Structure formats: C-alpha cells, structure tokens
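Secondary and tertiary structure notes
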Amino acid sequence: MGIDYTKRPKAQPAPPPPPPPAQPYQQPPAPQQPPVSLSKVTLTKSAPSVSLTKQGSTTGQMRVNLNWTSGSKGGLFKRSAGVDLDLACLWEFNDGDRGIVQALGNSFQAPYDGQPIIYLDGDDRSGSAVGGENMYIDLSQTHRIRRVLIFAYIYEGAPNWAAANGVVTLFPANGPQIEVRLDESDQGAISCAIALLENRGGELIINREVRYIRGSQSKVDEAYGWGLNWKAGRK
C-alpha cells in the first residue's frame, strides 16, 4: 500500500485565555482614630458644654472637687504653699430661693434648713489635704435646680493662678467625670467662675466658664446677676 501525501491543514494554536475581570476600586481603609475616652470629658474653649441629661448622669450625688498644685523641678508636684483657695457656689432654685454655699460665714449647705441639695464637706485652709475641697450636688433634685455657678476664690495669699494650676473635676454617680482646668490666669483677680450648671427645660447642662473676676463674691454675683445682699463675713 502506498503512502498518502495529501497535505493536511496545520493545527491552529489555542486562543489566549480571556483577561481576568476588572476588580472594582477599593478605597484604602481610613487611618484608625484613637478611641474616645468614656471615663472623662474635658471642657475646653472649643467644646465648652456637656449635657448631664443626655449622658444619663442626673441621678445620685455629684461630687465637685477642687484641687490645685504647684510645679517643681524633676516633674514632682506639691500643694501650693501660702494660698488658701476656696471652693464655693452661687445657687438658685426654681422656687426663687437663692444664696451661696461657702466656708466663709459657715454657709455649708443649700437650702439652709432641712435636707440639703448642695453641701460643702469642709474647708482645706492649708492646701495640704490630698483630696482638696469637695462639694456635693444632689442631681435627683434636678427639678428643683435652676442654676448653680461653681467658682473659686483666694481667701488668703497672693493671687497666683498660674502657679496654682487649679482643676475642678465633677464626678457624677453615673457617666464620665467632667474636668475643667483653670488654664488661663489674671494675676489681678482673686475669684474665678469655673462652671455653670443650668436646668434648660429639664435638661441639665454644664458649661465651662473659667472667667477671672477682680473682686470677691459680690463681684461674682454682679457678673452673673444673682442679686444677693452682701455683708462682711469671716471663717
């Protein structure tokens, strides 16, 4: 049998595989933000207010603490010597009753008779007490409170606010603590309005003030329109 020399078509190469489908553009992940602290809120000029009502803090006793320190070399701190820095507040209730809570004149509670809504636990005259000075506000009585102005004044000693490095911290029974630093100064002032607590239609708001006042309690009253009658007093 002979050989068939008939030409046969050459095999065609296989077509190239189709390109992979295009992947949709994926935006790179945003840089991770530091977590928000739920243990402390610091009131500043740019963020001066916080609602106690919205953060569920209008129950129980709220402690208001005043502490002050004086810096020294080596990063150590000691209580400022020679200054008697007092914690106080002007208060006004919804029934029109108003007054002051302070060590001066032994006005340690409000109202002055009966179960207190606000009271001061003592007077740290030397600045040596580790816990500073403390005031308590009964937030279960929010419906009775119209406004409370928390302030400090220098009873004795030179008005050196910058060296005192004062800070007021509010500790609600629930929710984060609230800090107001006395990070400005007026060396001619002996008083500083620190924070204003107001009942605005049932919502309790705390606003940072840090307003230095050249005068004593009567000048603080005048600046905020409390309208009390003043006379000289002593501890």
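Each remark here, short or long, concerns the structure printed above.
Presented here is an overview of the structure given in this document. Keep in mind that this is a model prediction, so the values were computed, not measured. (Residues numbered from 1 in each chain as written. Predicted model: local features only at pLDDT ≥ 70, side-chain atom pairs only at ≥ 80, totals over all residues. Heavy atoms only, no water.)

**A look at the overall build of the chain**
Keep this limit in mind: Only DSSP runs of H or I reaching four residues or more are called helices, and only runs of E reaching two or more are called strands; each is numbered from the N terminus. Relative accessibility under 20% of the residue-type maximum defines a buried residue, over 50% an exposed one, and the middle range a partly exposed one, all with a 1.4 Å probe and only protein chains included. Two residues qualify as a contact provided that any one of their heavy atoms is within 4.5 Å of a heavy atom in the partner residue.
Per the secondary structure count, the chain includes 2 helices and 15 strands. When burial is assessed residue by residue, the chain has 41% of its 235 residues classed as buried. Across the chain, the fraction of contacts at a sequence separation of at least 24, relative to all contacts at a separation of at least 6, is 67%.

**Quick look at the side chain of Asn134**
Worth spelling out the cut-off: Whenever a nitrogen or oxygen atom comes within 3.5 Å of another N or O atom, the pair is scored as a polar contact, on the condition that within protein one atom can donate a hydrogen and the other can accept it, and that pairs from neighbouring residues in sequence are kept only if both atoms are in side chains.
Tracing the backbone through its elements, the reader meets Asn134 in strand β10 (residues 133-138). Within polar-contact distance, the side chain of Asn134 engages the side chain of Asn65 at 3.0 Å. Non-local contacts of Asn134, meaning those with residues more than four positions away in its chain, are made with Arg63, Val64, Asn65, Leu87, Tyr119, Leu120 and Asp121.

**Quick notes on the pairing of strand β11 (residues 145-156)**
The following threshold applies: Strand pairing requires that DSSP identify at least two bridges connecting the strands.
A large share of β11 lies buried, amounting to 9 of its 12 residues. Here strand β6 (residues 84-93) pairs with β11 via 10 bridges, running antiparallel. Each bridged residue has a counterpart across the sheet, and for Asp86 the counterpart in β11 is Tyr153. Bridge analysis of β11 against strand β14 (residues 191-200) gives 7 bridges, and the strand direction is antiparallel. Residue pairing across strands places Ala152 opposite Cys192, the latter belonging to β14.

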